[in-house]
Amino acid sequence: DVEYQVPVDFWTAIRGGTTKLQIQRQEVCPTCKGKASTGGAQTCPECHGSGQVTQMGGRMKFNIQCPRCNGTGKVTHACATCHGEGTVYKSEPLEFRIKPGTRDGQRIRLAGKGNAGVNGGAAGDLYLVIRTGPHSVFTRSGDDILITLPVTVAEAALGGRIEVPTIDGRAQLRIPPGTQSGQKLRMRERGVPSATREGMRGDQIVTVEVAV
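> I tried to follow the pattern of salt bridges on my own but got confused; where do I start?
Between side chains of opposite charge, a pair can form when the charged atoms approach closely. Counted according to the given criterion, the structure contains 13 salt bridges. With a shortest N-O distance of 3.9 Å, Glu95 and Lys20 are connected by a salt bridge. Note that Glu95 is positioned in strand S7 (residues 87-98) and Lys20 in strand S2 (residues 17-28), a separation of 75 residues in sequence. One exposure class covers both Glu95 and Lys20, and it is exposed. With a closest N to O distance of 2.3 Å, Arg201 and Asp168 form a salt bridge. Here Arg201 is found in the loop between strand S14 (184-187) and strand S15 (204-211), whereas its partner Asp168 is found in the loop between strand S12 (160-166) and strand S13 (169-175), with 33 residues between them in sequence. With relative accessibility at 27%, the residue Arg201 sits in the partly exposed group. Beyond isolated ion pairs, a larger network of salt bridges with shared partners links Arg25, Glu27, Lys90 and Glu92.

Right, here's the structure in full:
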């Protein structure tokens, strides 16, 4: 499996879209087809196919495993393209879809887009970990949007309706009479559409800041 960290801007994570990425992954060597060798196996010239060689120890002789063929009696020639690895690295462009409401740290799995499998096995998966960017006005917490709103002393004391920015544009918010600085007001379903729960949406939490 392969994992990539993918930076996504604030609005793309909320509204969705497509993102392009250049990835590096291992593919099956086109020359040896993943076998890591070419030309087939040949008799080991060191042990002449026996898999063992004789070693002297003083006046005694010992038969040990042939170090060249590892006791198999056969040797192969490493593939010149992949140097005996069976795989080669390849860089390729990738385009994938970001769902509306995708959160920071969310993982997207692309099956079969990871490194080539070993010994003819299936390829691994590619995991994309989304890293969302910040915004100058809005702060995101899950599917909720947090915002600090300055109001005058008169607006806080007497109450009224004022315009506030939301991710969908400007909207009216009722300020109750006697609102205190630091008080939080909730705007239902003015937050981010959920990427995991169809038809659900977060709220916008407005923290009132009385400007003296």
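From this point, things continue past the structure.
> I keep staring at the sheet that holds strand S8 (residues 107-110) and nothing clicks. Help me out?
As a general point, the strands of a sheet are linked pairwise by backbone hydrogen bonds and lie either parallel or antiparallel. The three strands lie next to each other as S1-S9-S8, forming an open sheet whose pairing is mixed. Of all the strands in the sheet, just strand S1 (2-8) and S8 have a single pairing partner and so form its edges. Neighbour to neighbour, the strand axes of the sheet diverge by 25° on average, direction disregarded. Sheet analysis places S1 next to strand S9 (residues 126-132), joined by seven bridges and oriented parallel. Note that in S9 the partner of Pro7 across the bridge is Arg131.

Analysis parameters
Residues numbered from 1 in each chain as written. Predicted model: local features only at pLDDT ≥ 70, side-chain atom pairs only at ≥ 80, totals over all residues. Heavy atoms only, no water. Salt bridge = Lys/Arg side-chain N within 4 Å of Asp/Glu carboxyl O. Helix = DSSP H or I, 4+ residues; strand = E, 2+ residues; numbered from the N terminus. Buried < 20%, exposed > 50% of the residue type's maximum accessible area, 1.4 Å probe, protein only. Pairing = 2+ DSSP bridges. Axes fitted to C-alpha atoms, helices over the stretch in contact; angles between N-to-C directions.

Any link to function would need more than the numbers given here.
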